[in-house]
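# Structure assessment
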Amino acid sequence: MLIDQFGRKHTYLRISLTDACNMRCSYCMPLSSYHGTKSNKLMTADEIFELASIFVQNGITKIRLTGGEPLLRKDFDTILKKLATLPVNIGITTNGLLLDKHFENLVKHNVKHINISLDSLDAEEFKRITHTGQLEKIMLHISHLLTLNMIVKINLVMLKNINEHAIIDFVKWTEKHPIDVRFIEFMPFEKNDWNKEKVLGYETVLNTLAEQFDILKIEDETNSTSRNYKVKGFKGNFGFITTVTNPFCESCNRLRLTADGKLRNCLFAKNETDLLTPLRNGENILELIQQNVLSKAAALGGMNDLHSNSDRSMIQIGG
Ligand code: SAM
Ligand code: SF4
């Protein structure tokens, strides 16, 4: 098992397949000139499989493929096919634009958990936030996922004065659909123009929602990063990822592998461990992983308080 100095067992690995994206969400990828890392610096499908196998042999039971936009990888199907041979639960976090090309393979490889980023249900507003997002197309893809009985979670980053009114629309959406909407507090990353005043905290939002809906607290899964609720009688749920106002570091079971093969033990970690170069040189990877896990800080990558000084953007880390 990958256990850190605070006794936290790490069973969940998020693998970024690329740091390129076909959308430009203001909170994530503000650098319009950023086109991602050159492909020879990215992990190949075989290298992803080799590294993932080492993690799975050492206690990882859940892998989520993310990015950047993971479905931009031309060899996405090959990667999925290889990973599906491991005894691990696989999920995907995607902006949903390219999902239609992958429905068949997702079903074939038993991928049941799909998280989709969606920051507004209004097409104009969605375009303003994402620049290239096409709401109608993504909504069709979500409907199709539901007909395939996939477990769909929607991720919305709460942006003060930008999409805060949309939160109510999303809660209403859970009335007739078995979706799980997660409202995420805006987090600081490189050059995403973050400051504390822009953060819409979960308690404020929950209080506003409680004025309009009959809200019930529901159980949070072990190691869940979200505080979950539902409106009485509604089919779906909603929850809050409260990294800024109420971090959940004490139960963290996550590790992250960047698209260029660096291991990060926290979104806000100051250091990362290169696994790809040693893998290419035939060195012992497990030892490097164990050292990295042991160096994990108690909370927020060792920061006392969140501030905007991360050395990598969210898209480079892998969300
Ligand atoms: N492209 C995929 C997507 O959008 O779902 C996967 C990568 S994206 C970086 C993963 C998640 O990170 C998304 O749900 C996105 O909303 C979230 N995210 C990005 N920047 C964020 C920020 N500054 N604060 C909070 N969440 C953020
Ligand atoms: Fe792309 Fe996802 Fe970041 Fe939006 S949140 S820019 S879709 S990686």
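One structure accompanies this document, and this report is about it. (Residues numbered from 1 in each chain as written. Chains lettered and ligands numbered in written order. Predicted model: local features only at pLDDT ≥ 70, side-chain atom pairs only at ≥ 80, totals over all residues. Heavy atoms only, no water.)

For the protein chain, the count of helices and strands is 10 helices and 14 strands. In terms of overall size, the protein chain behaves like a compact globule, its C-alpha atoms giving a radius of gyration of 19 Å where 319 residues would be expected to give roughly 20 Å. Dimensions along the principal axes, computed over C-alpha positions, put the protein chain at roughly 60 × 45 × 40 Å. Buried positions account for 56% of the 319 residues belonging to the protein chain. Taking the intrachain contacts of the protein chain between residues at least 6 apart in sequence as the baseline, contacts between residues at least 24 apart amount to 71%. Approximately 14400 Å² of the protein chain is accessible, and the part contributed by carbon and sulfur atoms is 50%. When the 39 positive and 37 negative side-chain charges of the protein chain are each reduced to one mean point, those points stand 3 Å apart. (Helix = DSSP H or I, 4+ residues; strand = E, 2+ residues; numbered from the N terminus. Rg over C-alpha atoms; globule rule 2.2 N^0.38 Å. Buried < 20%, exposed > 50% of the residue type's maximum accessible area, 1.4 Å probe, protein only. Contact = heavy atoms within 4.5 Å. Areas by Shrake-Rupley, 256 points an atom, 1.4 Å probe, with all protein chains shown as cover. Lys, Arg positive; Asp, Glu negative; His and termini not counted. Charge placed at Lys NZ, Arg CZ, Asp CG, Glu CD.)

Let us look at the site of ligand 1. Lining the immediate environment of ligand 1, one finds 20 residues, of which Y27, G68, S117, N155 and M187 sit closest. Contacts to ligand 1 include G68, whose backbone N or O atom sits 3.0 Å from a nitrogen atom. In the environment of ligand 1, a nitrogen atom lies 2.9 Å from a nitrogen or oxygen atom belonging to the backbone of M187. Protein chains shield 95% of the accessible area of ligand 1, which is 550 Å² for the free molecule. Classifying every residue of the shell around ligand 1 gives 8 nonpolar, 10 polar and 2 charged. (Near = heavy atom within 4 Å. Polar contact = N/O pair within 3.5 Å; in protein donor to acceptor, adjacent residues only side chain to side chain. Nonpolar A, V, L, I, M, F, W, Y, C, P; charged D, E, K, R; others polar.)

Around ligand 2, the neighbouring residues are C21, M23, C25, Y27, C28, M29, G68, N95 and I315. Residues of the shell around ligand 2, tallied by class, amount to 7 nonpolar, 2 polar and no charged.

Further remarks concern unusual backbone geometry. Residues other than glycine seldom take positive phi values, yet N149 does so here, at roughly 60°. Mapped onto the secondary structure, N149 falls in the loop between α5 (135-147) and β7 (151-158). Judged by its relative accessible area of 59%, N149 is exposed. Not every positive phi belongs to a glycine, and L300 is a case in point at roughly 45°.

With that out of the way, let us pick up the sheet that holds strand β14 (residues 273-274). Across the sheet, which stays open at both edges, the 12 strands sit in the order β9-β10-β11-β8-β7-β6-β5-β4-β3-β12-β13-β14 with mixed pairing between neighbours. Looking at strand neighbours, the two that pair on one side only are β9 (215-217) and β14, the edges of this open sheet. The pairing of β7 with strand β8 (residues 180-185) spans 6 bridges and is parallel. Across the sheet, residue I154 finds its bridge partner in β8, namely V181. (Pairing = 2+ DSSP bridges.)

This part covers the layout of surface pockets. To find leftover empty space, a probe the size of one water molecule is rolled over the atoms. Taken as a whole, the second largest pocket holds about 230 Å³ of empty space. Along the walls of the second largest pocket sit 13 residues, with S39, L42, R73, K74 and D75 positioned nearest its centre. By residue class, the composition of the lining of the second largest pocket is 4 nonpolar, 6 polar and 3 charged. (1 Å grid on protein atoms, 1.4 Å probe; cavity = no way out; pocket = protein on both sides within 12 Å on 5 of 7 lines; lining within 4 Å. Points joined across faces, edges and corners; volume = space filled by probe spheres on them.)

Let's shift gears to the pattern of salt bridges. For the coordinates displayed, the defined rule picks out 8 salt bridges. D46 serves as the salt-bridge partner of K82, at 2.7 Å between the closest nitrogen and oxygen. Here K82 is found in helix α2 (residues 76-83), whereas its partner D46 is found in helix α1 (residues 45-57), with 36 residues between them in sequence. The partly exposed category is assigned to K82, whose relative accessible area is 26%. With relative accessibility at 46%, the residue D46 sits in the partly exposed group. In this structure, K217 and D220 form a salt bridge, with 2.9 Å as the shortest nitrogen-oxygen distance. We classify D220 as partly exposed; its relative accessible area is 29%. (Salt bridge = Lys/Arg side-chain N within 4 Å of Asp/Glu carboxyl O.)

Ranked by size, the top nonpolar core spans 103 residues in total, and within it I15, F55, L65, F183, F238 and F240 carry the most contacts. Ranked by residues supplied to this core, first place goes to α1 with 7 residues. (Core = buried A, V, L, I, M, F, W, Y, C linked by side-chain atoms within 4.5 Å.)

What follows deals with the side chain of R8. Looking at the element boundaries, R8 is found in the loop between β1 (2-3) and β2 (9-10). The exposure class assigned to R8 is buried, which follows from its relative accessible area of 6%. Within the local environment of R8, its side chain forms a polar contact with the backbone oxygen of A297, the two atoms lying 2.8 Å apart. Among residues more than four places away in sequence, those in contact with R8 are L2, I3, C249, E250, C252, K296, A297 and A298.

The subject of this paragraph is the packing of helix α6 (residues 166-173) against helix α7 (residues 202-212). Where α6 contacts α7, the axes come no closer than 11 Å and their chain directions differ by 55°. As judged from the angle between their axes, α6 and α7 are oblique. Between α6 and α7 lies a crossing of right-handed hand. Residues I167, I168, V171 and K172 of α6 pack against V205, L209 and Q212 of α7. Across the contact of α6 with α7, the residue classes break down as 5 nonpolar, 1 polar and 1 charged. (Axes fitted to C-alpha atoms, helices over the stretch in contact; angles between N-to-C directions. Parallel < 35°, antiparallel > 145°, perpendicular 65-115°, else oblique. Left-handed = near helix turned anticlockwise from the far one by under 90°.)

The values reported here are purely geometric and, on their own, carry no functional implication.
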